[in-house]
Amino acid sequence: MLTRSKLGIVTLGLGVALLAACAPSTDASGGGEGEGTTIEVWSWRTEDVDEYEKIFDAYEAEHEGVTVEFKPYVATEYDTILSTGLSAEGGPDVAQLRAYGGLQPLCEAGRLVELEGEDVDTSAIPDEVLGGARCESDGGLYGVPFASQALVVYYNKAIFEENGLQEPETWDELMASSQTLQDAGVTPYAVTGKDNWVLPMLHDLFTAPRYGGPEFEQAVQSGEKDFTDPDYVASIETMEEITPYFPEDVVGVDYATAQTLFTSERAAMYPGGSFELAFFQQQNPDLDLGVFAVPPPPGAVVEESMTPGWVDASFGVNSTSPDQEESLELVRWMATQDFGQMVSDELKQLNPVEGVTPNDPVLQEISQLRTDSPTPYLLLQDFRYGEPTGTDLMAAGLQSMLLGDADADAISADLQKGIAQWFEPGA
Amino acid sequence: MTARRGRGATTRRPAPPFPVLAAFLVPALVLYSVFVVYPLFSALQYSLFEWTGTVRRSFVGADNFVALFTTFPLDEQLLSAFGHNVVFFLGTMLIQNTLGLTFAVLLYKRHITRRVFQTLFTLPYLVSPLVVGYLWVLMLRPQFGVLNAMFDAVGLESMSQPWLGDPGTALPVVILINAWQWLGFPMLLFGAALASIPEEYEAAARVDGASTWQAFSRITLPLLTPAIGTVTVLTFIGSFNLFALAYAVGGSKGDPAGAIDVLGLVFYRTAFEGGVNAIGVSSALAVLMFVFIFGVALVANRFLRRREAELS
């Protein structure tokens, strides 16, 4: 209604006016105050405030006169807030950055400092991980990656034991276990079909060996193959073997419900990411968790299980920061094992720096699976550099599949059609 | 000025001097210009350029507009979203406004209960559509939701469905949720319009032997035309600007499977999840949406004014 839109405009107006009124004071606290320097670090992890305080306390203790202020914003609004912050005064000195495609609007606009020319030592971080913080246009490094994610199947050890099940070694065992659980009235997999961003993750988690993981990635990048390749189509078809074990009316199940089904022990397995571990442990501390990598499905190109993963976040420096040298010093420290170990212990995130070992046993196991047999979360890592993104296309396609409106051929054809609009193989 | 002052001296107060007028009008004009007029024109300007992040690059003419209609799957999404806006508008007219009129007619002569019911029915629109959306999502959850639990409890298991998970039921359910929230609005407008119709008209018709229905359909309803027109135009604008409720229920993609995707969500996606040239493409969409909504509202308003003139 008009009254609604009018009210919206007025509220927006007031909001902007308020923000404008607040801006100068925010700016003042960001600058140097005589003797000390305050470095403002922006992030989308509102849940990690206490942990970051602890981590930065350690840094402050070693760097006299430097105060690091951690300032998180809501994750879903963060990209907008950051791009505005970086293009105006009062922005952050150091900012948490999205990886791969999500980084491009910022680095292409020249908002960040190129780090390799600034003496940031990234030798302890693997090259493919650094790839997540590089700018496509100039190949420069604009962030220090500090959090990676890996995809595994979490399972409830107690439920497995009650039903006489063990970690599956083969695809057939996985299917048999799923059937046993379903017959016993337990939902085998807690999955959301409503919040469809989860679905492309499940595709790689369950079927990456079917299409061949990294080998296929290279073939697609060089133009030798595309997404209509029979093995890739078959990998989508393989999903249809698992979907009967998803919750009933899965397209009506949202993300929070799927997580609750697992933490309330109504579902036996949760195919998900390392980023969910802390939440599960927090929601139900009594939950006895195990993890495994999905065994290769029949006809798999690579006959071993694989653990998909990707770089999630890095820290970079604002190119207009008044305290650029101090900010760079902080980012240099973020590439060290010291910082990496704290990220792993305090934030329960997988840190890519060599020599960092998680102290949480489950996280350690995930880290081991990832190191043993890594494969990229292909559509996120390589196909988010243009619009429409590979992950969005796959998400929509798999959701239609769950509803019975699309088959593997149609999904892969749409994926190829969408991506071909901006992706040039061999470039 | 002087002539008017002389003529109106007996019936109205003289117009205040210009500085006083300005003092009262300028603040509103400034706010309006800064927050409405300026963004409108800057969106038009933005839509003609290519962007990398927040940095403006070269002038590209209509390229961003062309991209809206040629990029797969944006072209298909745009079309289906537009269709959903149309369905939403028609559904809202049919359910929300018809019920609003019915309740207004039922209540307008009941002086004591009217206030109570008006307040009750208008209460939901004091709540943010986002909150309303999330609450209904909670109630309609297939696993833990109240509604399906109620159906199960009374033996109507066949009625318990994933209401918001089935593309067939999602949009109708959203229309109902929206109607639940906004029912009070047409009710108040129609109530005010009914109150302004002199009671003698209906009384005279009844004396002449008209039945209740005849009196309503021949006397009251035609006299409500201006109010119906206003409600229609406002519903149209509201339906095509729909965002918060659709976002709360279906997220930025209008899930399930884009069944409740509307233009507002397509705009949100192109603007905030749209990659490097997001500002260019989303501004183009914003301009088109504005031109369409403004244009239709303008034409509809003209048409309705003419109808009113014919009636009076």
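Owing to the predicted nature of the structure, the values given are computational and were not obtained by experimental measurement.

Trainee: How should I be thinking about the overall build of chain A in this particular structure?
Mentor: When helices and strands are counted, chain A shows 18 helices and nine strands. Dimensions of chain A, computed from C-alpha atoms along their principal axes, come out at roughly 70 × 50 × 45 Å. Out of the 427 residues in chain A, the part that is buried amounts to 53%. Sequence-distant contacts in chain A: of pairs separated by 6 or more residues, those separated by 24 or more amount to 76%. Of the accessible surface of chain A, which amounts to about 17300 Å², a share of 48% is contributed by carbon and sulfur atoms. Chain A carries 18 positive and 75 negative side-chain charges, and their two centres are separated by 7 Å.

Trainee: Would you mind going over the side chain of Asn284 of chain A with me for this structure?
Mentor: Residue and element names in this part refer to chain A. One can find Asn284 in the loop between helix H12 (277–283) and strand E7 (289–292). Judged by its relative accessible area of 13%, Asn284 is buried. At 3.4 Å, the side chain of Asn284 and the side chain of Glu265 are in polar contact. Discounting residues that sit within four places of it in the chain, Asn284 has contacts with Thr263 and Glu265.

Trainee: So what exactly am I meant to see when it comes to the nonpolar core here?
Mentor: Looking at soluble globular proteins, one finds that nonpolar side chains tend to be buried together. All names here are of chain A. Core analysis: the biggest nonpolar cluster contains 126 residues, and Phe56, Tyr154, Phe227 and Leu330 have the highest contact counts within it. A total of nine residues in this core trace back to one element, the largest contributor, which is strand E4 (residues 144–156). Counting residues domain by domain, this core receives three or more from each of domain 1 (37–148 + 311–359) and domain 2 (150–309 + 369–420). Excluding residues within four positions of it along the chain, Phe56 makes contact with Val41, Val68, Phe70, Leu330, Trp333 and Met334.

Trainee: Whenever I open this one, helix H9 (residues 214–222) of chain A confuses me. Can you help?
Mentor: Structural remark: α-helix, 3.6 residues per turn; residues separated by three or four positions point the same way. Residue and element names in this part refer to chain A. For H9, the full list of buried residues reads Phe216, Glu217, Ala219 and Val220. What you see down the axis of H9 is that its buried residues fit within an arc of 165°, all on one side. Opposite the buried face of H9, by more than 90 degrees, sit the exposed residues Glu215 and Gln218. Against the buried residues of H9 lie helix H8 (199–211), helix H10 (230–242), strand E9 (374–376) and helix H16 (378–382).

Trainee: Quick question: what am I supposed to make of the environment of Ala190 of chain A here?
Mentor: All names here are of chain A. Among the secondary structure elements, Ala190 is positioned in the loop between strand E5 (187–189) and H8. The exposure class assigned to Ala190 is buried, which follows from its relative accessible area of 1%. Each C-alpha atom, one on Ala190 and one on Lys54, is 34 Å from the other, the two residues being 136 residues apart in sequence.

Rules behind the numbers
Residues numbered from 1 in each chain as written. Chains lettered and ligands numbered in written order. Predicted model: local features only at pLDDT ≥ 70, side-chain atom pairs only at ≥ 80, totals over all residues. Heavy atoms only, no water. Helix = DSSP H or I, 4+ residues; strand = E, 2+ residues; numbered from the N terminus. Buried < 20%, exposed > 50% of the residue type's maximum accessible area, 1.4 Å probe, protein only. Contact = heavy atoms within 4.5 Å. Areas by Shrake-Rupley, 256 points an atom, 1.4 Å probe, with all protein chains shown as cover. Lys, Arg positive; Asp, Glu negative; His and termini not counted. Charge placed at Lys NZ, Arg CZ, Asp CG, Glu CD. Polar contact = N/O pair within 3.5 Å; in protein donor to acceptor, adjacent residues only side chain to side chain. Core = buried A, V, L, I, M, F, W, Y, C linked by side-chain atoms within 4.5 Å. Domains from an automatic or database assignment. Arc of directions from axis to C-beta.

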